[in-house]
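Descriptive analysis of the structure
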Amino acid sequence: MSSTTPAAAAAHFRASLAFHSDVSDVAAALASGDPAFVVVDSRSTESWDQGHIPGAVHLPTALVIEQAGRLLGRSVPVVTYCWGPGCNGATRAALAFAELGYQVREMLGGFEYWVREGFEFETWQGRERRPADPLTAPVGAADCGC
């Protein structure tokens, strides 16, 4: 394994924090009623129909370049998400938004962790919420302490 300098590692992680938000931070900002960003679900229509974050805009990654300008003003920051940590669709959508001149962050964990942490989601049948998964969310605590 190659090593990096502490300064290089600090620069990397500082940059990562500037371009990523976690599920809990996004949920807290949305709950505040004034999140100062728009959440974009970059998955397919079939995936969107299975469930999505309430209030999110549906814009599949492949359509960002073509449709972002019609759907979203460039003055409002964007937070992208996809299925979960095993999918890079939100990363590719974030790149497309950045190349179009948007301020953008990627939501770590995606829809999978949104649901696993017990946050409400929407389907075509209405709103749902599942119990928090004790392996991914602090059950019985205000936050994870990190």
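What this report covers is the structure whose coordinates are included nearby. Since the model is a prediction, treat every value here as computed from it, not as a measurement. (Residues numbered from 1 in each chain as written. Predicted model: local features only at pLDDT ≥ 70, side-chain atom pairs only at ≥ 80, totals over all residues. Heavy atoms only, no water.)

The next thing to look at is the packing of helix α4 (residues 64-71) against helix α5 (residues 89-99). Two numbers describe how α4 lies on α5: the axes approach to 10 Å, and their chain directions differ by 60 degrees. In terms of axis orientation, α4 runs oblique to α5. Between α4 and α5 lies a crossing whose hand is right-handed. Along the contact surface, α4 presents Val-64, Ile-65 and Ala-68, while α5 presents Ala-93, Ala-96 and Phe-97. Partitioned by chemical class, the residues of the contact of α4 with α5 number six nonpolar, no polar and no charged. (Axes fitted to C-alpha atoms, helices over the stretch in contact; angles between N-to-C directions. Helix = DSSP H or I, 4+ residues; strand = E, 2+ residues; numbered from the N terminus. Parallel < 35°, antiparallel > 145°, perpendicular 65-115°, else oblique. Left-handed = near helix turned anticlockwise from the far one by under 90°. Contact = heavy atoms within 4.5 Å. Nonpolar A, V, L, I, M, F, W, Y, C, P; charged D, E, K, R; others polar.)

Moving on: the side chain of Glu-117. Within the secondary structure layout, Glu-117 lies in the loop between α6 (110-116) and β6 (121-123). Notably, Glu-117 is buried but unbridged: the nearest opposite-charge side chain belongs to Arg-116, and the N-O separation is 8.3 Å. Residues within four places of Glu-117 in sequence aside, it is in contact with Val-23, Ser-24, Ala-132, Thr-136 and Ala-137. (Buried < 20%, exposed > 50% of the residue type's maximum accessible area, 1.4 Å probe, protein only. Lys, Arg positive; Asp, Glu negative; His and termini not counted. Salt bridge = Lys/Arg side-chain N within 4 Å of Asp/Glu carboxyl O.)

The tally for this structure, following the rule as stated, stands at five salt bridges. Between Glu-112 and Arg-116 there is a salt bridge, with its nearest N and O atoms 3.1 Å apart. Note that Glu-112 and Arg-116 are positioned in helix α6 at a spacing of four residues, about one turn of the helix. Glu-112 gets classed as partly exposed once you look at its relative accessible area, which sits at 32%. Judged by its relative accessible area of 24%, Arg-116 is partly exposed. Glu-120 is paired through a salt bridge with Arg-127; the nearest N and O atoms lie 2.8 Å apart. Looking at Glu-120, the relative accessible area reads 27%, which means it is partly exposed. What emerges from the salt-bridge pattern is a single network uniting Glu-112, Arg-116 and Asp-133.

Next up on the list: α4. Here α4 has its buried residues at Val-64, Gln-67 and Ala-68. Buried residues of α4, seen end-on, are gathered within an arc of 120 degrees and therefore sit on one face of the element. More than 90 degrees from the buried face of α4, the exposed residues found are Ile-65, Glu-66, Gly-69 and Arg-70. Along its buried surface, α4 packs onto α5. (Arc of directions from axis to C-beta.)

When its volume is computed, the second largest pocket comes out at roughly 150 Å³. In terms of lining residues, the second largest pocket is bounded by Ala-27, Leu-30, Ala-31, Ile-53, Pro-54, Trp-114, Phe-119, Glu-120, Arg-127 and Arg-129. Residues of the lining of the second largest pocket, tallied by class, amount to seven nonpolar, no polar and three charged. (1 Å grid on protein atoms, 1.4 Å probe; cavity = no way out; pocket = protein on both sides within 12 Å on 5 of 7 lines; lining within 4 Å. Points joined across faces, edges and corners; volume = space filled by probe spheres on them.)

What follows covers helix α2 (residues 23-31). Taken together, the buried positions of α2 are occupied by Val-23, Val-26, Ala-27 and Ala-29. Along the axis of α2, the buried positions cluster into a sector of 165 degrees, meaning they face one direction only. Of the residues that open α2, the one with a side-chain oxygen 3.3 Å from the backbone nitrogen of Ser-24 is Asp-22. Where α2 ends, the next residue or the one after it, Gly-33, has phi of about 85 degrees, a positive value. (Polar contact = N/O pair within 3.5 Å; in protein donor to acceptor, adjacent residues only side chain to side chain.)

On to the environment of Ser-75, then. Looking at where Ser-75 falls in the secondary structure, it is placed in the loop between α4 and β4 (78-81). Overall, the relative accessible area of 65% leaves Ser-75 in the exposed class. Ser-75 sits 26 residues away from Gly-101 along the chain, and the two C-alpha atoms are 9.4 Å apart.

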